[in-house]
Amino acid sequence: MIGAIAGDIIGSPFEFKPHKSVDFPLFGPGCRFTDDTVLTVALAEAIMHDKDYCQLLKQYGRTYPNAGYGGTFVKWMMLESTEPYFSFGNGSAMRTSPVGFYYKTLEEVLAKAEVYANVTHNHPEGLKGAQATAAAVFMARNGGSKEDIRRYITETFGYNLTRTCDQIRPSYQFDVTCQGSVPEAIICFLESTDFESAVRLAVSLGGDSDTQACIAGGIAEAMYGVPEWIAEKALGYLDEELLTVQQVFLSFCEEGL
């Protein structure tokens with residue numbers, strides 16, 4: 001899941017400052033990990049130890065209260081209630097890459113992506129965004145071609161993946177919905193040539209840059225891997241707790257292969 005974490009960190013300076021170009025320093029001023037990383041790590045812990053993800057989301061959110069969560073999530077994480085709030089925001093997709101990396105069949109990936117999204121994002125679009133992202137990660141790490149991925153995501157989830165980044169970029173604006181950002185992030189991966197280009201394309205759209213780079217980065221990691229220098233630089237932004245969970249999850253996945 002280091003690809004998702006790196007994408008989050010690289011995209012973080014541009015979240016509210018659209019940068020309509022692939023030309024920018026990967027790790028420049030303002031880079032930090034955000035809620036994308038925090039909740040992705042929380043999901044990795046839930047998978048490894050079969051923990052209640054709803055409670056872990058609240059626990060991690062309260063531990064990292066300034067990570068940049070959406071307003072509705074902040075209200076939810078402070079409540080004792082465990083009821084989901086029918087969200088179709090892209091938070092369900094940004095945190096789901098561990099599902100695609102860990103589970104062994106596409107059917108299991110789809111089922112688990114729905115389960116882990118459902119604790120907050122029980123809207124059909126919220127569930128779809130998580131499943132589409134996790135499925136793309138799974139297919140990429142298991143040898144699926146980009147055309148295989150494009151075809152499956154289009155046929156299964158109805159996303160329009162025929163557009164190009166150059167077509168999207170001029171009029172694209174900040175959009176935190178699954179339906180308005182997940183297809184675009186997947187397109188960035190499909191158009192990429194390596195991990196770095198996927199993240200750069202995601203940021204260049206000028207939308208919810210950290211989340212779109214997180215989503216594209218998670219899928220790109222599954223297909224290309226992450227260059228060692230990028231991984232090391234990104235991990236340097238994490239505190240000891242987040243870093244430890246990330247490292248243990250990596251070993252956990254490798255042992256399960």
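Residues numbered from 1 in each chain as written. Predicted model: local features only at pLDDT ≥ 70, side-chain atom pairs only at ≥ 80, totals over all residues. Heavy atoms only, no water.

A. Representation of the packing of helix 11 (residues 182-191) against helix 13 (residues 209-224) within the structure. It is at 8 Å that the axes of helix 11 and helix 13 come closest, and there the two elements cross at 40 degrees. Taken as a pair, helix 11 and helix 13 cross one another with a handedness that is right-handed. Where helix 11 abuts helix 13, its residues V182, E184, A185, I186, C188 and F189 lie against Q212, I215, A216, I219, A220, M223 and Y224. When the residues that make up the contact of helix 11 with helix 13 are grouped by side-chain class, the tally is eleven nonpolar, one polar and one charged. (Axes fitted to C-alpha atoms, helices over the stretch in contact; angles between N-to-C directions. Helix = DSSP H or I, 4+ residues; strand = E, 2+ residues; numbered from the N terminus. Left-handed = near helix turned anticlockwise from the far one by under 90°. Contact = heavy atoms within 4.5 Å. Nonpolar A, V, L, I, M, F, W, Y, C, P; charged D, E, K, R; others polar.)

B. Unusual backbone geometry, seen in detail. Non-glycine residue D50 carries a positive phi angle of around 50 degrees. Locating D50 in the fold gives a position in the loop between helix 2 (35-49) and helix 3 (53-63). Using a relative accessible area of 69% as the deciding quantity, one classes D50 as exposed. At F86, a residue that is not glycine, the phi angle is positive and equals roughly 55 degrees. By the secondary structure assignment, F86 is in the loop between helix 4 (71-77) and helix 5 (91-94). (Buried < 20%, exposed > 50% of the residue type's maximum accessible area, 1.4 Å probe, protein only.)

C. Region of interest: helix 1 (residues 2-11). Of all ten residues in helix 1, ten are buried, a share of seventy percent or more. Those residues of helix 1 that fall on the buried side of the exposure criterion are I2, G3, A4, I5, A6, G7, D8, I9, I10 and G11.

D. Broad picture of the packing of aromatic side chains. Under the defined criterion, the tally for this structure stands at 14 aromatic pairs. Aromatic pair F27 and W229: ring centres 6.1 Å apart, planes at 75 degrees, arrangement edge-to-face. Placement of the pair is F27 in the loop between helix 1 and helix 2 and W229 in helix 14 (residues 228-235), with a sequence separation of 202 residues. The class of F27 is buried, set by a relative accessible area of 16%. The class for W229 is partly exposed, based on a relative accessible area of 48%. Pairing Y152 with F157 gives two aromatic rings, centres 6.3 Å apart and planes at 80 degrees, and the pair type is edge-to-face. F157 carries the same exposure label as Y152, and that label is buried. Chaining the aromatic ring pairs together yields one cluster made of Y69, F73, W76 and Y85. One residue, R200, lies across the ring of F24, its end atom 4.9 Å from the ring centre. (Phe/Tyr/Trp six-rings, centres within 6.5 Å; stacked < 30°, edge-to-face > 60°. Lys NZ or Arg CZ within 6 Å of the ring centre and 35° of its normal.)

E. Main features of the nonpolar core. Ranked by size, the top nonpolar core spans 93 residues in total, and within it Y53, Y60, V99, I153 and I186 carry the most contacts. Looking at this core element by element, the count peaks at nine residues for helix 2. Discounting chain neighbours no more than four positions away, the residues touching I153 are A132, A135, A136, G158, Y159, L161 and I186. (Core = buried A, V, L, I, M, F, W, Y, C linked by side-chain atoms within 4.5 Å.)

F. Geometry of the environment of A6. Following the sequence through the fold, A6 ends up in helix 1. When its relative accessible area of 0% is taken as the criterion, A6 is described as buried. In sequence terms A6 and V199 are 193 residues apart; their C-alpha atoms lie 8.7 Å from each other.

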